[in-house]
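The residues making up each chain are set out below.
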Amino acid sequence: MNPFTKTYTDLDCAIDEVRSLSDDWPPPAQNGTVDDETLHCMCLVLHEWIANLHQHAHFQNNTPRVEIRLTCNAEQVDCSVLDNSNGFDLASYLPTDDEDPEAFPERGMGLRIIEACTDELSYSPTEDGLHRFKFIIPSDHDPWLNTLF
Amino acid sequence: MSFDAETASSETVIIHVGEALDFRNADDFKATFQEHVDEGVRQFILNFSDTEVLDSTGLGSIFSLYRAISPDDGKVAFADVSEPVQVVVQLTRTYKVFRQFPSVEAAREAFAE
């Protein structure tokens, strides 16, 4: 199945385009493909992540740049987002079990949504000084088992 | 971007969410509902029929609306919820707080009861 790879220097444009990926990508099933719900989750995670970079990441004096790579088969969607920000420690921002699950906070739900939707979530520096966000969504992943509350 | 708000009655306002409610227009949404909250409106119907994007910040702005009116027994209903919005509603279990209706008219009828 055709991979998707695209680099953006306009994060607003990146956000707008990833939301249409559930319609535009992947191409019609060849050897089987993931369902619409998985694709909606993928688009939501990418939106939340790039929105997070847009609002909070430090790019020093550089033009923000992200490279999105997606591959898909009948078993799973593999995603990565490479960025040129200073990065941050993802684990320290992920929700903890002792947070009030019924608080319905105005901020901070993006990472909860990302965690609920994905498996094998990571955000780490690369050898060339960039940072890579990676996750997979297996076709049998049930985000409702990981729901937030 | 401003949001289209329709006064359905002295107690109820319908806000057409449009294509997106996300971190880029959440403040506009807040300004839209705040104007009506200040006028005493306590029932809001959010029409999601055309909505392709609802992100965590957009959802947070809806929580703000809920917090503003819930002390006065106010209500927020979701109407004609699109599939991308339904994914967010299910993930966050916000259906526990906001009743969903298949159409704006069904929500209006429920509020009128």
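Residues numbered from 1 in each chain as written. Chains lettered and ligands numbered in written order. Predicted model: local features only at pLDDT ≥ 70, side-chain atom pairs only at ≥ 80, totals over all residues. Heavy atoms only, no water.

### Quick look at unusual backbone geometry
For the record, the criterion: Secondary structure elements are defined from DSSP: runs of H or I of at least 4 residues count as helices, runs of E of at least 2 residues count as strands, and each element is numbered from the N terminus. Only protein chains enter the calculation, and the probe is 1.4 Å; a residue is then buried if its accessible area is under 20% of its type maximum, exposed if over 50%, and partly exposed in between.
Even without being glycine, A:Glu120 reaches a positive phi, approximately 55°. Positionally, A:Glu120 belongs in strand S4 (residues 119-125). On the accessibility criterion, A:Glu120 (64% relative accessible area) is exposed. Backbone geometry at B:Asp80 places phi at a positive 50°, although glycine is not the residue there. With respect to the helices, strands and loops of the structure, B:Asp80 is situated in the loop between strand S6 (75-79) and helix H3 (83-92).

### Things to note about the interface of chain B and chain A
Just so we agree on the cut-off: Here, two residues are considered to be in contact whenever any of their heavy atoms come within 4.5 Å of each other. Note on terms: buried area is the combined drop in 1.4 Å-probe accessible area of two parts once they are placed together, counting the loss on both. Salt bridges, as used here, are contacts in which a Lys or Arg side-chain nitrogen is within 4 Å of a carboxyl oxygen on Asp or Glu. Any residue outside Ala, Val, Leu, Ile, Met, Phe, Trp, Tyr, Cys, Pro, Asp, Glu, Lys and Arg is labelled polar, Gly included; the first ten of those are nonpolar and the last four are charged.
Facing 26 residues of chain B, the contacting portion of chain A comprises 29 residues. Carbon and sulfur atoms supply 60% of the area that chain B and chain A bury against each other, a total of about 2,300 Å² over both sides. Contact with chain A buries surface across chain B, with B:Phe23, B:Arg24 and B:Leu91 losing the most and accounting together for 28% of the total. At the boundary of chain B with chain A, the tally comes to two salt bridges. We note a salt bridge from B:Arg24 to A:Asp12, for which the minimum N-O separation is 3.1 Å. For the side of chain B that touches chain A, the elements supplying multiple residues, two or more each, are strand S5 (53-54), helix H2 (56-69) and H3 of chain B. Of the residues in the side of chain B that touches chain A, the class split is ten nonpolar, seven polar and nine charged.

### Quick notes on the packing of aromatic side chains
Going by this rule: When the centres of two rings from Phe, Tyr and Trp lie within 6.5 Å, Trp using its six-membered ring, the rings pair. Their planes under 30 degrees apart give stacked, over 60 give edge-to-face, and anything left gives tilted.
In total, this model carries twelve aromatic pairs over all chains according to the counting rule given. Measuring from ring centre to ring centre gives 5.0 Å for B:Phe78 and B:Phe98, while their planes differ by 15°; the resulting arrangement is stacked. Taken together, the positions of B:Phe78 in strand S6 and B:Phe98 in the loop between H3 and strand S7 (99-101) put the pair 20 residues apart, joining distant regions of the chain. Of the two residues examined, B:Phe78 and B:Phe98, each falls in the buried class. Among the aromatic residues, those joined into a cluster by ring pairs are A:Trp49, A:Phe88, A:Tyr93, A:Tyr123, A:Phe133 and A:Phe135.

What is shown is where atoms sit, not what they do.
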